[in-house]
Amino acid sequence: MITAILTIAGLATLFGLVLGYSAIRFRVEGDPIADQIDAILPQTQCGQCGFGGCRPYAEAIASGEAEINRCPPGGESTMIALAELLGRDPIALDDEAAAEKPKSVAYIVDAECIGCTLCIQACPVDAIMGAAKQLHAVIASECTGCELCLPPCPVECIHMHPIETTPQTWRWPYPAPPAREVANG
Amino acid sequence: MAEPRELSHFHGGLHLDDHKDESNTTPIRDLPLPAHLVLPLQQHIGHVAEPVVAVGDKVNKGQMVARAADYVSAPIHAPTSGTVSAIGRRPVPHPSGLDDLCITLEPDGEDRWDTLPAPITDWRDTEPAELRERIRWAGIVGLGGAAFPTAVKVNTSGQRRIDTLLVNAAECEPYITCDDRLMREQAADIVDGIGILRYIVGAAHCLIGIEDNKPEAAAALRSAIATAGDDAIEVVEVPTLYPSGGERQLIKLLTGHEVPSHGLPAAVGVVCQNVATVAAVADAVLRGRPLIDRVVTATGGGIAQPGNFRVRFGTPAASVIDAAGGRTGAYGRLILGGPMMGFTLHDEQVPITKAGNCLLAPSDEELPPPPAQRPCIRCGECARVCPAQLLPQQLYWQARAQDFDKVQDYHLFDCIECGCCAFVCPAHIPLVHYYRFAKTEIWAQERERDKSDLARRRHEARVARIERLEAERKARLRQKKDALEKNTAADADPKKAAIAAAMQRVAAKKAAQEAASETSDSE
Amino acid sequence: MNKLEISISSPHLSGPQSVTRVMALVLLALVPGTLALLWYFGWGVIINIALAVGSAVVAEAIVLRLRGRAVADTLLDLSAVVTGWLLALALPPLLPWWQTVLGSVFAIVIVKQLYGGIGFNPFNPAMAGYVLLLVSFPVTMTRWLAPEVITGQALSFADSLHIIFAGLPPAGQTWDVVSSATPLDLMRSELSQNHMISEIRSSPLWGDYGGRGWEWVGNWFLLGGLFLIWQRVISWRIPVAMLGSLLLVAGLFWAIDHETHPFPAFHLFSGGAILGAFFIATDPVSACTTPRGQLVYGALIGLFVFIIRTWGGYPDAVAFSVLLMNMAAPTIDYYTQPRIFGQRSGSDG
């Protein structure tokens, strides 16, 4: 009786020590989950998710306040990546998010710009150059296509131009399915 | 040269019908000047070249029309004299069939040379850096098809010591004979170029790897070497086995070393150059000429008089076909490159560029349309022939499932796209297409990631800036307020003190008066 | 030039090999062994093949139609024929027709098509069909014939047809007269009665080095297998590893005790070992594909064949061993990835 109790107690102590040691020794200094979510989001900072940018949305997802289907620029692939990261089931994109638009950049029509700087203040990534009463210009390589500069413009001189595929950015299409799979159609 | 060199071997490979005889029996022919020359700004790996001419400018033959935009880039020179008629998007030879930025040149027919830099005949007494600069100026890129800037490739400073310059004359793909003819006709140039390159990279000796189906070319090289008296150059004939002309495969064959999976040939002390590139180096250094043309093979059952042509860059592919007697039979596909690695041109007017080694117009019997695809039966034949020793079948499953992490676990980027796996596949699965799909998808994802990282950084910087400005504004406000308060305090204090002092004085007076009156009353 | 055509990736050449050709070569390689079976065991062999192949093809056609796939085009790959044929070769020659058909249909519908058709089945369909029949109908499935070299009497084609379709022994005879144990069965039951090998060897079922008749069937299948290796339809690794490990283990035990363990060649030439090694274990879809993996896979099949034959509940074990290793094949493949070009040996593949 005594032996059994001692044995069990001894084992418990031993395993407790092992567990305690490994908790210290093998502690994972992982990214906080919000950072990992933020890394997946496309960083357009467009606010279409209803939050003030990608980071706030990431924090909202991490704390369980927001669904993972509210990022239109990221589209389906981002939603699936989030689902994988968080171990959630993929869900259909939000109605607004579902209509995936081609990736675009903003373009300011020179002749119409009045140099009001409103768009410069709206741009979340500082991709618009200019000063008061001076012509503004979008730095295309920095523009995320978030469209946040469109509403403030008093003369509607900002247009979204879809990014054209060039030979440098072209991707091979997914190979055509085998003939036998086509045959049923 | 006396005893045959002991050759190593590489895994897999294919014995293919080489179809060299159709085009390698006639000398290299010249082409008449076409009506337009269209020079794509991206003819090389690396940054797109930047135009240095404007529409309407008159240029001379050999004049630079676009400069290298970065270290890994190459300038472009006018292949003849004429007028720049346009700078804009035009069809280019690319599997996408998309247009790209090009400089269009209207030849004036005079073919007038620009003032060229002086030949460097005493290259042995010249700094290697200066020779590299000449190669860079000349816009020389790998002419075997990869089009990597040669000046970058031969800059081996900071790397392991190079002991071997390996000249790739294998030309292993069927049908292509441009290097074969070049070796037969310009062996002396090649030997000159070898001397220069060997000096630049500091290699003690040079091996020329050539497939044994080109005995005439090998003989021409040997006699040129004998004439030059350079006994550090050795011509090594390797068995005809596709893809022995793959850089890594040839290095393995000739030296027995395997270039590390993510490394450069320099890691095993080798620099590898295509034989046509070597000739171009001789041209640039010894004659001061930039790279403005190349030898192109026009061949296949659909071509009347197959052969090789010296083609100025920018010449439409159709002009080369015309010079080769035009098409015979039904109008079929036109492939740029060989049957194993080339791609179908979407437009016969696309220009020949630095990477264009062969125009293949096959008859239907030669290259029938691909047979119907069936499901993979996992026979493993693909792995048996893979010269990179990959598991093509696993790559296929992962690429098909679009699992881009897994596909890289199976070393997708070690695939050289030689096509051996797809050739032997009994299910006729377009394996290479799957790999290319996966590669371009992964690159696109990387670009997206870079872009979103940039956006994140910029956004964070902006947020930080706004906070800082806000903080600064607040700090300034507070300072002002403080200063104001301090001022009021400072202004008020003397008054208060004066008032207090006055009040004290009044109180004292009062007390004194009261005391006096009391005393007087009591008296 | 349309868009589709330009998006065809290189290579533009394709080799002569095709799935149909691979399957046709397998069928061709089966011919000598099949003829030998026919020679020793009579018309039942051919009737079985006709039944199994016929029902396999019909079953495949029906399922393909139901799945909305191209029927004729897919049947042309001949894989259903191969499956049916291999199953038939493993069945006793006078098996009732409906059992043959059941096994064949099960192999095609459940084991092959339900997993997605050719290329997607994790198990060898023929062997799965065989095992289904073996566990479901143990009596008829172990009712083999003695080779005609022993009995000296041949059943006519009509008799064979009658037996197979009526399910009755020939008129005026009992099953005991017609049927006979296989050499493996005999070995097993005699050993369990503590008979010595030397006593068992005096049975007329014994040939020169394997079962009588069986050894020659094995030789002809071996010939077909070598033909397949020569044609590079299969690699040498699986058969060599499987037969090698079987020989090695059997040899080891034989060396320990001659009287309770049969001569190693007996294992090779008395049952389905040769057929299994060259035609069944090498089924590419369900086998390992990496070179080292194939060696491991083959060797383990050989080991399991010996273990099950010696200590297991069934006289022959090729089917069980192959199915067992089918399950392990993906894992073996994963851990036996070859070193790639330019990768330092020792680093993880």
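Residues numbered from 1 in each chain as written. Chains lettered and ligands numbered in written order. Predicted model: local features only at pLDDT ≥ 70, side-chain atom pairs only at ≥ 80, totals over all residues. Heavy atoms only, no water.

Between chain B and chain C, the contact holds 57 residues from the first and 41 residues from the second. A per-residue breakdown of the area chain B buries against chain C is headed by R374, I377 and R378 of chain B, which together make up 17% of the total. Where chain B touches chain C, the interface holds three salt bridges. The shortest N-O distance in the salt bridge between R378 of chain B and D333 of chain C comes to 3.9 Å. If you look at where chain B meets chain C, you find 18 residue pairs in polar contact (both at pLDDT 80 or more). Within the residue set of the side of chain B that touches chain C, elements represented by two or more residues are α6 (247–255), β16 (343–344), α9 (381–385), α10 (392–400), α12 (420–424) and α13 (431–522) of chain B. Partitioned by chemical class, the residues of the side of chain B that touches chain C number 30 nonpolar, 15 polar and 12 charged. (Contact = heavy atoms within 4.5 Å. Buried area = accessible area lost by both parts, 1.4 Å probe. Salt bridge = Lys/Arg side-chain N within 4 Å of Asp/Glu carboxyl O. Polar contact = N/O pair within 3.5 Å; in protein donor to acceptor, adjacent residues only side chain to side chain. Helix = DSSP H or I, 4+ residues; strand = E, 2+ residues; numbered from the N terminus. Nonpolar A, V, L, I, M, F, W, Y, C, P; charged D, E, K, R; others polar.)

Residues and elements named next belong to chain A. Of all residues in chain A, 90% attain a pLDDT of 70 or more, and the chain-wide mean is 82. Across chain A, the secondary-structure element scoring lowest on mean pLDDT is helix α7 (residues 179–182), at 44, and the one scoring highest is helix α1 (residues 2–25), at 91. Low pLDDT, under 50, characterises residues 179–185; the predicted model gives this stretch 15 contacts beyond four residues in sequence or across chains. (pLDDT = per-residue confidence, 0-100.)

Okay, the packing of aromatic side chains next. All names here are of chain B. This structure, assessed with the given rule, holds 24 aromatic pairs over all chains. For the ring pair Y396 and Y434, a centre distance of 5.0 Å and an interplane angle of 85° mean the geometry is edge-to-face. Linking Y396 in helix α10 with Y434 in helix α13, this pair joins segments that are 38 residues apart in sequence. Residues Y396 and Y434 agree in their burial class; the two are buried. (Phe/Tyr/Trp six-rings, centres within 6.5 Å; stacked < 30°, edge-to-face > 60°. Buried < 20%, exposed > 50% of the residue type's maximum accessible area, 1.4 Å probe, protein only.)

Ranked by size, the top nonpolar core spans 119 residues in total, and within it L431 of chain B together with L30, F41, Y130, F221, F279 and Y297 of chain C carry the most contacts. If you tally residues by element for this core, the top one is helix α2 (residues 19–41) of chain C, at 12 residues. Discounting chain neighbours no more than four positions away, the residues touching F41 of chain C are P93, W144, L145, A146, P147, E148, W214 and V217 of chain C. Counting 85 residues, the second largest nonpolar core, distinct from the first, contains I200, A266, A282 and L360 of chain B. (Core = buried A, V, L, I, M, F, W, Y, C linked by side-chain atoms within 4.5 Å.)

What follows deals with the environment of M127 of chain C. Residue and element names in this part refer to chain C. Note that M127 resides in helix α7 (residues 125–136). Sequence spacing of M127 and V45 is 82 residues, and the spatial spacing of their C-alpha atoms is 17 Å. Apart from residues no more than four positions distant in its own chain, M127 is found in contact with A90, I280, A319 and L323.

Turning our eyes to something else, we now look at the domain arrangement of chain A. Residue and element names in this part refer to chain A. With domains assigned, chain A is organised as domain 1 (33–98) and domain 2 (104–162). Distance between the C-alpha centres of domain 1 and domain 2: 26 Å. Counting residues at the interface gives five residues for domain 1 and five residues for domain 2. Interface area, domain 1 with domain 2, both sides summed: about 350 Å², of which 60% is carbon and sulfur. (Domains from an automatic or database assignment.)

So, about the packing of helix α18 (residues 291–311) of chain C against helix α19 (residues 318–335) of chain C. If you want to describe how two helices pack, look at the angle between their axes and the distance between the axes. All names here are of chain C. In contact at an axis separation of 9 Å, α18 and α19 are set at 150° when each is read in the N-to-C sense. Accordingly, the angle class assigned to the pair α18 and α19 is roughly antiparallel. The element α18 and its partner α19 pack so that their crossing is right-handed. The segment α18 lies against α19, with R292, G293, V296, Y297, L300, I301, F304, V305, I308 and R309 engaging V318, F320, S321, V322, L324, M325, N326, A329, I332 and Y335. Residue composition of the contact of α18 with α19, by class: 15 nonpolar, three polar and two charged. (Axes fitted to C-alpha atoms, helices over the stretch in contact; angles between N-to-C directions. Parallel < 35°, antiparallel > 145°, perpendicular 65-115°, else oblique. Left-handed = near helix turned anticlockwise from the far one by under 90°.)

Turning next to the sheet that holds strand β15 (residues 335–336) of chain B. Residues and elements named next belong to chain B. Spatial ordering of the open sheet is given by β1-β14-β13-β17-β15-β16, a layout of six strands whose pairing is mixed. Each having just a single partner strand, β1 (29–30) and β16 make up the two edges of the open sheet. Relative to strand β14 (residues 307–312), strand β13 (residues 293–299) runs antiparallel, the two sharing six bridges. Paired with V296 across the bridge in β14 is F309. Sitting on the sheet, helix α3 (residues 178–185) is in contact with β13 and β14, with an inclination near 125° to β13. (Pairing = 2+ DSSP bridges.)

Residues and elements named next belong to chain B. For strand β9 (residues 164–168), the buried fraction is high: five of the five residues fall into the buried class. Along β9, one buried face is formed by T164, L166 and N168 and the opposite face, lined by L165 and V167, is buried too. For β9 and strand β10 (residues 205–211), the ladder comprises five bridges, and the chain directions are parallel. In the strand pairing of β10, L166 is matched with L207. Across five bridges, β9 lies against strand β12 (residues 270–274) in parallel orientation. In the strand pairing of β12, N168 is matched with N274.

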